[in-house]
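Structure at a glance
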Amino acid sequence: MNVKPNITGVHHIALKCRGIAEFEKTLAFYHEILGLPIVRTWGSAGNSAAMLDTGAGLFEIFANGEDRLGAGALRHLALATTDTDACVAAVRAAGYEITMEPTDIVIDSDPPYPARIAFCIGPVGEELEFFQEK
């Protein structure tokens, strides 16, 4: 039996927050600051969860994380945008750390891949990239 999986894309990326306060801060960051629509919520108090629509997959946020995980193989989350500068302005205005200002790059590929990118640190320490194809 040689059945190949039928992967159709990334369904969701999950973030685990340590408690309801961190959950609410994280939900506000992605919903109110970055404008991702809330698709669904469930649970209660310390077991709350939500899914937000990125337009190309979902962000799932949980309130029931225990300890902060160390850095692993996942380096960062890249969110597609049509305006990297506007994303950085919204994140900066909300008081979050910008680790790389908006920068025009060309990925040395065949064909070359121009983009405008920036990085920030999100509410639970996640590294985010804003990626605008040019």
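Quick note: structure is the one above.
The present account deals with the structure reproduced in this document.

Basis of the calculations
- Residues numbered from 1 in each chain as written.
- Predicted model: local features only at pLDDT ≥ 70, side-chain atom pairs only at ≥ 80, totals over all residues.
- Heavy atoms only, no water.
- Pairing = 2+ DSSP bridges.
- Helix = DSSP H or I, 4+ residues; strand = E, 2+ residues; numbered from the N terminus.
- Axes fitted to C-alpha atoms, helices over the stretch in contact; angles between N-to-C directions.
- 1 Å grid on protein atoms, 1.4 Å probe; cavity = no way out; pocket = protein on both sides within 12 Å on 5 of 7 lines; lining within 4 Å.
- Points joined across faces, edges and corners; volume = space filled by probe spheres on them.
- Nonpolar A, V, L, I, M, F, W, Y, C, P; charged D, E, K, R; others polar.
- Expected span 1.5 Å × (residues − 1).
- Buried < 20%, exposed > 50% of the residue type's maximum accessible area, 1.4 Å probe, protein only.
- Arc of directions from axis to C-beta.
- Phe/Tyr/Trp six-rings, centres within 6.5 Å; stacked < 30°, edge-to-face > 60°.
- Lys NZ or Arg CZ within 6 Å of the ring centre and 35° of its normal.

**Considerations on the sheet that holds strand β8 (residues 127–133)**
A sheet is described by the order of its strands in space; here four strands give the open sequence β5-β8-β7-β6, paired in mixed fashion. The open sheet has two edge strands with one neighbour each: β5 (77–80) and β6 (98–107). Neighbour-to-neighbour, the strand axes of this sheet turn through a mean angle of 25°, independent of strand direction. Strand direction decides the pairing type here: strand β7 (residues 113–121) and β8, joined by seven bridges, are antiparallel. Looking at β8, one finds that Ile 121 is bridged to Glu 127.

**Observations regarding the layout of surface pockets**
Space inside the second largest pocket adds up to approximately 380 Å³. In this structure, the second largest pocket is lined by 21 residues; those nearest its centre are Leu 36, Thr 54, Ala 78, Leu 79 and Ala 80. The dominant element in the lining of the second largest pocket, judged by the number of residues it contributes, is β5, at four residues. Here the lining of the second largest pocket is built from residues that sort into 16 nonpolar, five polar and no charged.

**Re helix α1 (residues 20–33)**
Here α1 spans 18 Å end to end across 14 residues, near enough to the 20 Å set by a 1.5 Å rise per residue. The complete set of buried residues in α1 reads Glu 22, Phe 23, Thr 26, Leu 27, Phe 29 and Tyr 30. Buried residues of α1, seen end-on, are gathered within an arc of 155° and therefore sit on one face of the element. The exposed residues of α1 that point more than 90 degrees off its buried face are Ala 21 and Glu 32. Where α1 ends, the next residue or the one after it, Gly 35, has phi of about 80°, a positive value.

**Some points on the sheet that holds strand β4 (residues 58–62)**
What the four strands build is an open sheet, ordered β1-β4-β3-β2; its pairing is mixed. Two strands lie at the open edges of the sheet, namely β1 (12–16) and β2 (38–42), each paired on one side alone. Ignoring which end each strand starts from, the neighbouring axes of this sheet average 15° apart. Note: β2 against strand β3 (residues 49–53), four bridges, orientation antiparallel. Counted as the bridge partner of Thr 41 is Ala 50 from β3.

**Description of the packing of aromatic side chains**
Applying the stated criterion across every chain, the model contains five aromatic pairs. Ring geometry for Trp 42 and Phe 62: centres 6.3 Å apart, planes at 80°, overall edge-to-face. Of this pair, Trp 42 sits in strand β2 while Phe 62 sits in strand β4, and the two are 20 residues apart along the sequence. Between Tyr 113 and Phe 131, the ring centres sit 5.7 Å apart and the planes meet at 45°, which makes this aromatic pair tilted. In this pair, Tyr 113 sits in strand β7 while Phe 131 sits in strand β8, placing the two residues 18 residues apart along the sequence. An aromatic cluster is present here, built from Phe 29, Tyr 30, Phe 59 and Tyr 96 joined pairwise through their rings. Over the ring of Phe 62 we find Lys 16; its NZ or CZ atom is 5.0 Å from the centre of that ring.

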